[in-house]
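A closer look at the structure
Given next are the chains, with one letter for each unit.
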Amino acid sequence: MMQLISLRDHPFDPYAELSAFSAQLGEERHRYGAESHFIGTMRSFNEGDAVSTLWLEHYPGMTEREIARIIDEERTRLNFGPALVIHRIGKLEPGEAIVLIALFSAHRRAALDGTQGVIERLKHEAPFWKKERTSEGERWVASNTNG
Amino acid sequence: MAIRIRYFASLRETMGRTTEDINAEGIATVADLWKVLDEGRPLPDRVLCAVNQEHATPTTPVHEGDEVAFFPPVTGG
């Protein structure tokens, strides 16, 4: 089962990553009639303030383990196939991709539900922390928005 | 052998340190450990913890050689 979990400290092109991952699947790709993608991108505003820069801190080692655990548990629940998760760390500017999730399955439900399950759990369980710069200065983001 | 402590994000800034090592003697749980680290104060609800890189709770046992991390609610994705 192909799976890639990758943390990147430089900007990445989610569309190029999707193409590359899909190509790597080769003939296995023919077993999956559905694929679902989620791309999270850095916004230029948060809680009513313009945001110019975002920093993503993480817990090296635990982050990768948590993402793998989340994928495993969601795969057990839904039975999807290959999985790709790429997440940024370090310094970001508005418009840059923060996270890419892609799941493949024989039929649409496992890929769609799995993608939502993985992103929601990643936001609550994977050890990442955002700090942002606004015109008022720098601040830690206290919590994620609801959906 | 000691217990290795790691702090992240706003908690790292509040505590003024990234890592430290604590003698494990007399420490049974994460909650015990926090009291030693924070001048006897109890572990606040808003502080989360992990033992050996897995999510934990205040009652999770800790032992010599463990890595224990403290951090605020996570905000990735």
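Parameters and conventions
- Residues numbered from 1 in each chain as written.
- Chains lettered and ligands numbered in written order.
- Predicted model: local features only at pLDDT ≥ 70, side-chain atom pairs only at ≥ 80, totals over all residues.
- Helix = DSSP H or I, 4+ residues; strand = E, 2+ residues; numbered from the N terminus.
- Rg over C-alpha atoms; globule rule 2.2 N^0.38 Å.
- Buried ≥ 20, exposed ≤ 12 C-beta atoms within 10 Å, placed from the backbone.
- Contact = placed C-beta atoms within 7 Å.
- Pairing = 2+ DSSP bridges.
- Axes fitted to C-alpha atoms, helices over the stretch in contact; angles between N-to-C directions.
- Nonpolar A, V, L, I, M, F, W, Y, C, P; charged D, E, K, R; others polar.

1. Structural notes on the overall build of chain B
- Broken down by element type, chain B carries two helices and five strands.
- The order of helices and strands in chain B, counted from the N terminus, is β-α-β-α-β-β-β.
- Taking 77 residues into account, the globule formula puts the C-alpha radius of gyration at 11 Å, and chain B, at 11 Å, falls close to it.
- If one aligns the C-alpha atoms of chain B with their principal axes, the spans along those axes are about 35 × 25 × 20 Å.
- Burial status across chain B gives 32% buried among its 77 residues.
- Expressed as a percentage of contacts within chain B between residues at least 6 apart in sequence, the contacts between residues at least 24 apart total 51%.

2. Considerations on the sheet that holds strand E3 (residues 48–51) of chain B
Residue and element names in this part refer to chain B.
- Reading across from one edge, E2-E1-E5-E3-E4 is the order of the five strands in this open sheet, with mixed pairing throughout. Every interior strand has two partners, whereas the edge strands, strand E2 (19–23) and strand E4 (54–56), have only one. The mean angle between the axes of side-by-side strands here comes to 30 degrees, regardless of whether they run parallel or antiparallel.
- Sheet topology places E3 next to E4; three bridges connect them, and they run antiparallel. Across the sheet, residue Cys-49 finds its bridge partner in E4, namely Ala-56.

3. Examining the interface of chain B and chain A
- On the chain A side, the residues contacting the 14 residues of chain B number 24 residues.
- Residue composition of the side of chain B that touches chain A, grouped by class: eight nonpolar, six polar and no charged.

4. Regarding the pairing of strand E5 (residues 83–88) of chain A
Residue and element names in this part refer to chain A.
- For E5, the tally of buried residues reaches six of six residues, placing the bulk of the element in the interior.
- Along E5, one buried face is formed by Ala-83, Val-85 and His-87 and the opposite face, lined by Leu-84, Ile-86 and Arg-88, is buried too.
- Where strand E1 (residues 3–8) and E5 come together, six bridges link them in parallel fashion. Across the sheet, Arg-8 pairs through a bridge with Arg-88, a residue of E5.
- Both E5 and strand E7 (residues 97–105) contribute to a ladder of five bridges, which runs antiparallel. When the bridges of E7 are listed, Ile-86 appears paired with Leu-100.

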